[in-house]
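# Fold and geometry: a report
What follows is the residue order along each chain.
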Amino acid sequence: MCRSVLEYASPVWNPYLQRDTDNLERIQRKVARFVLRDFRQRSSVTSMLRYLKWEPLADRRTKARLIIMYHIIKGKIAIPIDTADLQPGRRYYCYYYYYYYYYYYY
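These figures come from a predicted structure and were not determined experimentally.

### Considering the overall build of the chain
A count of helices and strands for the chain gives six helices and zero strands. When the helices and strands of the chain are placed in sequence order, the string is α-α-α-α-α-α. By the burial criterion, 20% of the 106 residues in the chain qualify as buried. Pairs at least 24 apart in sequence give 52% of the contacts found in the chain among residues at least 6 apart.

This is the structure we're talking about:
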């Protein structure tokens with residue numbers, strides 16, 4: 001329940017600093033120990049995450065940003081966007097994300 005609420009707005013509040021991203025990943029690792037009830041220091045949290053089939057939260061936020069970008073470009077979200085207003089250096093990345101999402105998810 002908590003993850004679904006946080007992921008709902010993750011494209012908006014996605015952390016910029018690496019330390020903030022690390023803090024979120026640390027919380028996920030603690031929750032993995034809690035879910036499996038394995039608090040031994042020798043236990044591998046990475047193998048726990050693999051067992052639970054939980055991908056890193058940073059990857060989930062990246063996918064969410066790509067989906068939002070795709071929906072904005074396709075006009076499925078009511079955000080007016082004019083591609084002429086994009087900065088010349090940024091236009092390439094905008095379309096790169098669009099094609100990346102379209103190629104991998106459709």
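### Describing the packing of helix α3 (residues 18–36) against helix α5 (residues 57–74)
Orientation of α3 relative to α5, taken along the N-to-C sense of each, is 115°, at an axis distance of 9 Å. Contact residues: Thr21, Leu24, Glu25 and Gln28 in α3; Leu57, Ala58 and Arg61 in α5. Across the contact of α3 with α5, the residue classes tally to three nonpolar, two polar and two charged.

### Description of the packing of α3 against helix α4 (residues 45–52)
Where α3 contacts α4, the two axes come as close as 9 Å, and the packing angle between them is 70°. It follows that α3 is roughly perpendicular to α4 by the angle criterion. Residues Gln28, Arg29, Ala32, Arg33, Val35 and Leu36 of α3 pack against Val45, Thr46, Met48, Leu49, Tyr51 and Leu52 of α4. Here the contact of α3 with α4 is composed, by residue class, of eight nonpolar, two polar and two charged.

### Quick look at the pattern of salt bridges
In total, this model carries four salt bridges according to the counting rule given. We note a salt bridge from Glu55 to Arg60, for which the minimum N-O separation is 3.4 Å. Since its relative accessible area comes to 28%, Glu55 is described here as partly exposed. Assessed through its relative accessible area of 25%, Arg60 is described here as partly exposed. A salt bridge links Glu55 to Lys63, with the shortest nitrogen-to-oxygen separation between them at 3.2 Å. Three or more residues are tied together by salt bridges with common partners; here these are Glu55, Arg60 and Lys63.

### Some words on the environment of Val31
In this fold, Val31 is placed in helix α3. Between the C-alpha atom of Val31 and that of Leu49, which follows or precedes it by 18 residues, the distance is 9.8 Å.

### Thoughts on the confidence of the model for the chain
Caution is warranted with low-pLDDT regions, since their predicted coordinates should not be read in detail. When pLDDT is averaged along the chain, the result is 78, and 70% of the positions lie at 70 or above. Mean pLDDT across the elements of the chain bottoms out in helix α6 (residues 88–105) (53) and peaks in α4 (92).

What counts, and where the lines are drawn
- Residues numbered from 1 in each chain as written.
- Predicted model: local features only at pLDDT ≥ 70, side-chain atom pairs only at ≥ 80, totals over all residues.
- Heavy atoms only, no water.
- Helix = DSSP H or I, 4+ residues; strand = E, 2+ residues; numbered from the N terminus.
- Buried < 20%, exposed > 50% of the residue type's maximum accessible area, 1.4 Å probe, protein only.
- Contact = heavy atoms within 4.5 Å.
- Axes fitted to C-alpha atoms, helices over the stretch in contact; angles between N-to-C directions.
- Nonpolar A, V, L, I, M, F, W, Y, C, P; charged D, E, K, R; others polar.
- Parallel < 35°, antiparallel > 145°, perpendicular 65-115°, else oblique.
- Salt bridge = Lys/Arg side-chain N within 4 Å of Asp/Glu carboxyl O.
- pLDDT = per-residue confidence, 0-100.

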